[in-house]
Amino acid sequence: MVEPAKNASPVADSATEDVPHTVFVQLQQNLNNYLSEPDLELVTRAYRFAARSHAGQLRASGEPYITHPLEVANILTLMKMDTASVAAAVLHDVVEDTDTVLEDIQTSFGEDVAQLVDSLTKISRIKFRSKQERLAENFRKMVVAMAKDLRVILIKLADRLHNMRTISVLPPAKRMRIAQETLDIYAPLATRLGIYGIKSELEDLCFRQVKKDIYSEIASKVAQKKTEREHYIDEVRGIIAEELQRYGFKASVYGRPKHFYSIYKKMVDRKLNFEDIHDLFAFRIIVASIKDCYEALGIIHAMWKPMPGRFKDYIAMPKANLYQSLHTTVIRPGGEPAEIQIRTVDMHERGEYGIAAHAFYKESVSKGGKEVKTDTKAFSWLRQIMQWQSELTDPEEFLEAVKVELFEEEIFVFTPQGDVIQLPLGGTAIDFAFSVHTDVGLHCAGAKVNGKMVSIKQEIKSGDIVEIITSPHQKPNNDWLTHVHTSKARNRIRAFLRSEKRRRSHSMGEDLLKAELGARQLNYENFLTASEKDHLVRLGKEGSFDDLLISIGYGKISTANLLNKRFKDTKDEVAVGHARGKAAKVTTQKGVLISGLDNILVSFGRCCSPLPGEDIVGFITRGRGVTVHRKSCSRVFDMDPQRRIAADWKGGSDNGDDHPCYLRVMSKDRRGILAEVTNVIATHGANVLEANIRTSEGLTAVHDFCLSLSSMEQLQAIISKLEMINSVVSVERRSSTSPRNRRRGRV
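Residues numbered from 1 in each chain as written. Predicted model: local features only at pLDDT ≥ 70, side-chain atom pairs only at ≥ 80, totals over all residues. Heavy atoms only, no water.

(A) Spatial organisation of the overall build of the chain. Secondary structure assignment for the chain yields 31 helices and 21 strands. When burial is assessed residue by residue, the chain has 51% of its 747 residues classed as buried. Of all intrachain contacts in the chain linking residues separated by at least 6 positions in sequence, the fraction that spans at least 24 positions is 66%. Within the structure as shown, the chain displays about 34,800 Å² of accessible surface, and the carbon and sulfur contribution to it stands at 50%. (Helix = DSSP H or I, 4+ residues; strand = E, 2+ residues; numbered from the N terminus. Buried < 20%, exposed > 50% of the residue type's maximum accessible area, 1.4 Å probe, protein only. Contact = heavy atoms within 4.5 Å. Areas by Shrake-Rupley, 256 points an atom, 1.4 Å probe, with all protein chains shown as cover.)

Here it is as structure tokens:
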């Protein structure tokens, strides 16, 4: 939500009621296309109520605040959303931003509208200690609300779309944060819900903020060829329509240039310049029936040669969001590629408006949203997310799992019985095994792909027939985590490894306590009566004696300190790990503040090399003090939450210390490019500790640097300047690239 100026209390405004807002006039016209008179009357009452409530409030742009909820409602009308959804959109900020209470909404507009407004208000009111935690827990709450009633997320998407359309009035830092969050969460959500119209617009709006210079460059180059582009689209569209008509097809043919963000993604993925990308256009053929889809495909392939590996049949095997269409890419005379989609009218509606276009969804919301179980049955990925939200207590781990699920493209593979399993692109036999059943995954010992034995780490492809071989003696190990692409497999493996760590730590803790008691001439079995165990548990501030042993094994509790307390030794100390929470943070020798730990050894994770200014977290290790990682580091999600500890930078974003940071610059191989890259690094005060420059296939230069940097701001400035260099394709922060570390299995 773009923040309103709350400098006026909501008062009745008779002029607002008598003279409808111009945006509301447009809303009425849109609603007239599909709603009845009583439904229109409810939305009109909602508008008058909201206009009075928001009277005197302004958006950051200076517009009356009421324009925002009305524009959100207008977006929903394009999806032909039901009356309650439109009314809730108009009212969605009145409880949060005015003196209105939820009971007023329920009394005036009924239970259904009130529940929608309540869900949207609860999402907006969540407050958290850190940006990452706020994003993670906000998304968790949104998923729970979405599973109860999918209309909540549709309204939220419309709300975010309008905020992105009007984001230019906000400060640059806030624009960047909101745009990145939208690109990370909301655009993929729109994709998963099948709302590709909103998804594409969100991506382009975010791209304009996050990569402003690259966006402007692409927009300028596209504009320069506008006439040529329009001529090309008209020519190809005309040829297709004429050929289909010759065979008696009644078809509509459309052509459009691809969105800027999709062009940028192709440039990055294929490591190409704009001039080297030729499939900048997509054509859509809409026919009457599924039979016509396949016949039209045959006609297109007879006209122009199809590109191998670029045909996808989403009619026979729909995407998880129920999207259906035939996709093919053909080569026209002269070598020009053309991407073509073929679908029916119903498929086209679903492709544009996703879940909102589905008949079962319309039936559900027409009954007050009370049959939402049909929604989750149709969207297996949503059921999976709901399961994760109950299983994964750590909000950041939950967010990581969901982001993987939202972003990945899909492949379709088969069991020997012919059942279809959907996996992300790059999925392995391990992913397949966990998709079949958790027990199959945990005991996966081998796999057959198309009848041939392969490693369980083998990447599988669409159309493969996969059979998993299990063994009761097989168990997952840490290496499996580097070969899985599904969140389900990753979460199940992590859970197993954690349980194994707890079991080992329990045994180790028992051995350590026995040794300490032995050193004091005490027998373990004789000394540890039931009452004595309870006494030690209270001293260790744990929930049970087993938990106490596990904490000792983890290194969180010192047996010497624990028994010193027990015997009231004068050298009594607070056990490591239990001065957490309210204890003051203590500065370590590395310029890091660790919660409650004094004189603790601190090291930095080589896997992520955190910089001052980044959110960090500590991890208590056995015998090596605390290792500090970025909160976004993938390794953090493999750590037991009980061994995490709060950490922060002394002195904020720049504490004066230098830290290693690994950077990879991909560019076209041309004379002088290395000099330009190193000049940018030197200009920003960074020192190059290590460099590895090489040329890969396709004459692409790979520049790997280890830099000495003092802050995250310094890194961001360097990346921004490097991306502006002509011929630089991408700039990516990486883990350690040292060959020595790779040989030792370290990253």
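(B) Broad picture of helix α30 (residues 712-723). Taking 1.5 Å of rise per residue, the twelve residues of α30 would be expected to cover 16 Å, and the 17 Å separating its terminal C-alpha atoms lies within 8% of that figure. Buried within α30 are the following residues: Met712, Gln714, Leu715, Ile718, Ile719 and Leu722. Burial along α30 is one-sided: seen end-on, the buried residues are contained in an arc of 160°. (Expected span 1.5 Å × (residues − 1). Arc of directions from axis to C-beta.)

(C) Representation of the pattern of salt bridges. Applying the stated rule across the entire model yields 23 salt bridges. The salt bridge partner of aspartate 112 is arginine 151, with a shortest N-O separation of 2.8 Å. Separated by 39 residues along the polypeptide, aspartate 112 in helix α8 (residues 111-124) and arginine 151 in helix α10 (residues 151-165) bring together distant segments of the chain. A salt bridge links arginine 160 to glutamate 181; the nearest nitrogen and oxygen atoms lie 2.9 Å apart. Taken together, the positions of arginine 160 in helix α10 and glutamate 181 in helix α11 (residues 172-192) put the pair 21 residues apart, joining distant regions of the chain. For arginine 160, a relative accessible area of 9% translates into the label buried. (Salt bridge = Lys/Arg side-chain N within 4 Å of Asp/Glu carboxyl O.)

(D) Representation of the pairing of strand β5 (residues 326-331) in the model. Counting buried residues in β5 gives five out of six residues, a clear majority hidden from the surface. Two strands pair when backbone bridges link them, and strand β3 (residues 305-306) and β5 are joined in this way by two bridges, in the antiparallel orientation. Following the sheet pairing, lysine 305 is matched in β5 by isoleucine 331. Pairing of strand β4 (residues 312-313) with β5, which is carried by two bridges, proceeds in the antiparallel orientation. Across the sheet, lysine 312 pairs through a bridge with histidine 327, a residue of β5. (Pairing = 2+ DSSP bridges.)

(E) Expanded view of α11. An ideal rise of 1.5 Å per residue puts 30 Å on 21 residues; α11 measures up with 29 Å between its terminal C-alpha atoms. The principal kink in α11, of about 40°, is found at leucine 183. The buried count for α11 comes to 15 of 21 residues, which makes it a mostly enclosed element. One or two steps after α11, the chain reaches glycine 194, where phi turns positive at roughly 80°. (Bend = angle between axes of the 7 residues up to and from the residue.)

(F) Expanded view of the packing of aromatic side chains. By the definition in use, this model includes 13 aromatic pairs. Taken together, a centroid distance of 6.2 Å and an interplanar angle of 40° make the contact between tyrosine 261 and tyrosine 264 tilted. In this pair, tyrosine 261 and tyrosine 264 are both assigned in helix α15 (residues 260-270), three residues apart and thus about one turn of the helix distant. On the basis of relative accessibility, which here comes to 14%, the residue tyrosine 261 falls in the buried class. Within the aromatic cluster, the residues linked to one another by ring pairs are Phe207, Tyr215, Phe260, Tyr261 and Tyr264. Positioned above the aromatic ring of tyrosine 524 is the side chain of lysine 514, whose terminal nitrogen or guanidinium carbon lies 5.2 Å from the ring centre. (Phe/Tyr/Trp six-rings, centres within 6.5 Å; stacked < 30°, edge-to-face > 60°. Lys NZ or Arg CZ within 6 Å of the ring centre and 35° of its normal.)

(G) Region of interest: the sheet that holds strand β21 (residues 728-734). Spatial strand order, β19-β20-β18-β21: four strands in an open sheet with antiparallel pairing. In this open sheet, the two strands that pair with only one neighbour each are β19 (687-696) and β21. Across the sheet, the axes of successive neighbouring strands diverge by a mean angle of 15°, strand direction being ignored. Of the strand pairs in this sheet, strand β18 (residues 659-668) and strand β20 (residues 700-709) are connected by ten bridges, and their pairing is antiparallel. When the sheet's bridge partners are listed, leucine 663 is paired in β20 with phenylalanine 705. Seen against the sheet, helix α29 (residues 673-683) touches β18, β19, β20 and β21 and runs at an angle of roughly 20° to β20. Most of the contacts of α30 go to β21, to which it runs at about 160°, and overall it touches β18, β20 and β21. (Axes fitted to C-alpha atoms, helices over the stretch in contact; angles between N-to-C directions.)

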